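# Remarks on the overall topology
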Amino acid sequence: GEDVEQSLFLSVREGDSSVINCTYTDSSSTYLYWYKQEPGAGLQLLTYIFSNMDMKQDQRLTVLLNKKDKHLSLRIADTQTGDSAIYFCAESYNQGGKLIFGQGTELSVKP
Amino acid sequence: EPEVTQTPSHQVTQMGQEVILRCVPISNHLYFYWYRQILGQKVEFLVSFYNNEISEKSEIFDDQFSVERPDGSNFTLKIRSTKLEDSAMYFCASSPPGGGEQFFGPGTRLTVL
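The rules behind the values
- Residues numbered from 1 in each chain as written.
- Chains lettered and ligands numbered in written order.
- Predicted model: local features only at pLDDT ≥ 70, side-chain atom pairs only at ≥ 80, totals over all residues.
- Heavy atoms only, no water.
- pLDDT = per-residue confidence, 0-100.
- Helix = DSSP H or I, 4+ residues; strand = E, 2+ residues; numbered from the N terminus.
- Buried < 20%, exposed > 50% of the residue type's maximum accessible area, 1.4 Å probe, protein only.
- Contact = heavy atoms within 4.5 Å.
- Pairing = 2+ DSSP bridges.
- Axes fitted to C-alpha atoms, helices over the stretch in contact; angles between N-to-C directions.

### Quick word on the confidence of the model for chain A
Should pLDDT be low for a region, the predicted coordinates there are not to be read in detail. Per-residue confidence for chain A averages 91 on the pLDDT scale, and 98% of its residues sit at or above 70. Mean pLDDT per element in chain A: strand β5 (residues 43-50) of chain A is the minimum at 91, and strand β2 (residues 9-13) of chain A is the maximum at 97.

In structure tokens form, the structure reads like this:
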């Protein structure tokens with residue numbers, strides 16, 4: 001069945017790199033996404049990757065995809081206190097299709 | 001920058017009452033969605049809408065739920081007879097032609113008493 005799993009908490013020091021991990025079960029996923037949710041706010045799309053890619057870099061964000069292990073990670077370089085939020089991994093099977101979310105990883109950045 | 005908007009931000013209702021949650025998707029988008037997030041739980045898909053009809057719905061989206069695009073800009077979710085377990089944050093999202101990224105609104109917090 002469809003399932004996306006993430007660890008619940010991650011704590012880092014300001015200036016360090018953060019790596020948030022996600023595993024998914026369905027190998028037919030076509031798109032994999034990372035969303036950010038700040039307290040009381042909606043879901044902000046950070047980045048996404050097609051399943052035929054291994055890596056995508058966008059400024060401080062690097063997404064790595066290991067299709068064999070069905071593992072997705074989001075690396076945030078030079079983490080800032082403003083990066084403190086909940087980060088959701090999500091997958092979908094096709095363009096326009098539903099998103100299946102993980103339970104979210106709460107990132108805490110300490111000064 | 002265009003964004004998805006939702007109203008109201010918070011709705012309190014009595015069990016058994018009907019509620020309508022409203023969304024204005026990004027103007028050139030063609031795919032529309034509703035999701036919900038019960039406190040402390042995952043964001044769950046409810047329904048997707050394309051070309052003026054439901055394209056997919058989840059098990060949660062039973063006969064108590066309906067969606068409508070009454071004009072060229074609004075997209076609504078109606079819950080006919082609310083239950084306590086419908087209390088959640090409801091998110092609307094939209095996608096451009098070709099699908100891909102889904103852009104989310106800020107959500108409506110529904111509290112059923």
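### Section: the environment of Leu46(A)
All names here are of chain A. Within the secondary structure layout, Leu 46 lies in strand β5. Using a relative accessible area of 19% as the deciding quantity, one classes Leu 46 as buried. Between the C-alpha atoms of Leu 46 and Pro 111, which are 65 residues apart in sequence, the distance is 23 Å. The contacts of Leu 46, once residues within four sequence positions are left out, are Trp 34, Tyr 35, Lys 36, Asp 58, Leu 61, Leu 74 and Tyr 87.

### Some points on the sheet that holds strand β7 (residues 61-66) of chain A
Residue and element names in this part refer to chain A. As summarised here, the arrangement of the five strands in space is β1-β3-β8-β7-β6, forming an open sheet in which the pairing is antiparallel. This sheet does not close on itself; its edge strands, each paired only once, are β1 (4-6) and β6 (55-58). Averaged over all pairs of adjacent strands, the angle between their axes in this sheet comes to 15°, without regard to strand direction. Bridge analysis of strand β3 (residues 18-24) against strand β8 (residues 71-76) gives six bridges, and the strand direction is antiparallel. From the neighbouring strand, Ile 20 faces β8, where its bridge partner is Leu 74.

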